[in-house]
Amino acid sequence: MERKEISKAVVTRLPRYYRYLGELIEEGVERISSNELSARMKVTASQIRQDLNNFGGFGQQGYGYNVRSLYTEIAKILGIDRQHNLVIIGAGNLGQAIANYANFERRGFIIKGMFDINPRLIGLVVRGIEIRGVEELEKFIVDNEVQIAALTIPKTKAPEIAQRLVNAGVKAIWNFAHIDLVVPEDVVVENVHLSESLMRLSYRVCSMQEQQEEKEREERLEERKKPL
């Protein structure tokens, strides 16, 4: 399938479709309409149809979507129908948590190695993966055909390590360091800023509280207006 430019919003929703379809398969559901999927996902049926039409539609008039077939097609679109070799640079708490998350392997992301500069960590084994020194990084990437690297290191070290990754042939960086990396156009960076995500959550909580407080004020005013 020839790929066309797809909006970031659509790409963001695709993993959700994949997850919900996986749950439907586990429940034994064979087919589903866009309206039924809409009710589950809290996304409008028209948005679902529009999103999937970017890739050919996959639905049939009067039938809906074949759940397993659509699940397989979305896996292909996301590229998780194949294996991606991955390394983690930074073997602290976050790096080890990622290594211990078994679900990545079921999605085709195989963690080949972990690296750190801390001599107390080097040589330790996390879920069958030995932590190595960063001096071995480039050779390991080439020898193991690594395409993706996760950066869970301080932001001061991230630009230098990112450049080494690029030079070694890595084409995608999962960046947990709180810094925007400068890389060539043919290298993809997915930034994961945990503190920014938490601040967005804080904003939404505060907004909901303010709306609730405003609603309660209006209700009290209405009560006062009622005749005794």
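The structure contained in this document is the topic of the report that follows. Here the structure is a predicted model, which means the values were calculated and not measured.

1. Describing the packing of helix α2 (residues 34–41) against helix α3 (residues 45–53)
Between α2 and α3, the shortest axis-to-axis distance is 8 Å and the interhelical angle comes to 110°. The angle between α2 and α3 places the two elements in the roughly perpendicular class. Within the contact between the two elements, α2 uses Ser34, Asn35, Leu37 and Ser38 and α3 uses Ala45, Ile48 and Arg49. The residue inventory of the contact of α2 with α3, partitioned by class, reads three nonpolar, three polar and one charged.

2. Description of the packing of aromatic side chains
Enumeration over the complete set of coordinates arrives at five aromatic pairs. Between Tyr18 and Tyr71, the ring centres sit 4.2 Å apart and the planes meet at 10°, which makes this aromatic pair stacked. With Tyr18 in helix α1 (residues 8–26) and Tyr71 in helix α4 (residues 67–78), this residue pair connects regions lying 53 residues apart in the sequence. Of the two residues, Tyr18 and Tyr71, both sit in the buried class. Ring centres of Trp174 and Phe176 lie 4.8 Å apart, and the angle between their planes is 65°; this geometry places the pair in the edge-to-face category. Look at Trp174 and you get partly exposed, because its relative accessible area is 23%. Grouping aromatic residues by their ring pairs yields a cluster made of Tyr101, Phe104, Trp174 and Phe176.

3. A look at the sheet that holds strand β9 (residues 188–191)
An order of β5-β6-β4-β3-β7-β8-β9 is seen for the seven strands of this open sheet, with the pairing classed as mixed. With one partner strand each, in any of the chains shown, β5 (125–126) and β9 form the two edges of the open sheet. Relative to strand β7 (residues 148–151), strand β3 (residues 84–89) runs parallel, the two being bridged by four bridges. Opposite Val87, over in β7, you have Ala149 as the bridge partner. Of the strands in this sheet, β3, β7 and β8 (172–175) touch helix α8 (residues 158–168), which is tilted by about 170° from β7.

4. Brief notes about the nonpolar core
General note: in soluble globular proteins, nonpolar side chains tend to be found buried as a group. Tyr17, Leu21, Leu37, Ile48, Leu52 and Ile74 are the most contacted members of the largest nonpolar core, which totals 24 residues. Elements with a contribution of two residues or more to this core: α1, α2, α3 and α4. The element contributing the most residues to this core is α1, with eight residues. Formed by 22 residues, the second largest nonpolar core is a distinct cluster that contains Phe140, Ala149, Val170 and Val187.

5. Some remarks on unusual backbone geometry
Look at Arg127: it is not a glycine, yet its phi comes out positive at around 50°. Relative to the helices and strands, Arg127 is located in the loop between β5 and β6 (129–133). By relative accessible area, Arg127 is classed as partly exposed at 37%.

6. A look at the pattern of salt bridges
One pass over the full model with this rule turns up 10 salt bridges. Across the pair Arg164 and Glu138 runs a salt bridge whose closest N-O atoms are separated by 2.7 Å. Of the two residues, Arg164 sits in helix α8 while Glu138 sits in helix α7 (residues 137–143), which places them 26 residues apart along the sequence. A salt bridge links Lys171 to Asp186, with the nearest nitrogen and oxygen atoms 2.9 Å apart. Note that Lys171 is positioned in the loop between α8 and β8 and Asp186 in the loop between β8 and β9, a separation of 15 residues in sequence. Given the relative accessible area of 42%, Lys171 is considered partly exposed. Given a relative accessible area of 47%, Asp186 falls into the partly exposed group.

7. Focus: a nonpolar patch on the surface
Together, Leu198, Leu201 and Val205 line one region of the surface with nonpolar side chains, adding up to about 270 Å² of accessible area. Using a relative accessible area of 46% as the deciding quantity, one classes Leu201 as partly exposed.

8. Structural notes on the pairing of β7
Residues Ile148 and Ala150 point to one face of β7 and Ala149 and Leu151 to the other, with burial holding for every one of them. In this structure, β7 lies alongside β8, joined through four bridges in parallel fashion. Paired with Ile148 across the bridge in β8 is Ala172. Regarding topology, α8 serves as the crossover connection from β7 to the parallel β8, and that connection is right-handed.

Reading guide: rules and limits
Residues numbered from 1 in each chain as written. Predicted model: local features only at pLDDT ≥ 70, side-chain atom pairs only at ≥ 80, totals over all residues. Heavy atoms only, no water. Axes fitted to C-alpha atoms, helices over the stretch in contact; angles between N-to-C directions. Helix = DSSP H or I, 4+ residues; strand = E, 2+ residues; numbered from the N terminus. Parallel < 35°, antiparallel > 145°, perpendicular 65-115°, else oblique. Contact = heavy atoms within 4.5 Å. Nonpolar A, V, L, I, M, F, W, Y, C, P; charged D, E, K, R; others polar. Phe/Tyr/Trp six-rings, centres within 6.5 Å; stacked < 30°, edge-to-face > 60°. Buried < 20%, exposed > 50% of the residue type's maximum accessible area, 1.4 Å probe, protein only. Pairing = 2+ DSSP bridges. Core = buried A, V, L, I, M, F, W, Y, C linked by side-chain atoms within 4.5 Å. Salt bridge = Lys/Arg side-chain N within 4 Å of Asp/Glu carboxyl O. Patch = residues over 30% accessible without salt bridge, like charges linked within 9 Å, V, L, I, M, F, W, Y side chains within 5 Å. Areas by Shrake-Rupley, 256 points an atom, 1.4 Å probe, with all protein chains shown as cover. Right-handed = clockwise from strand over helix to strand, strands pointing away.

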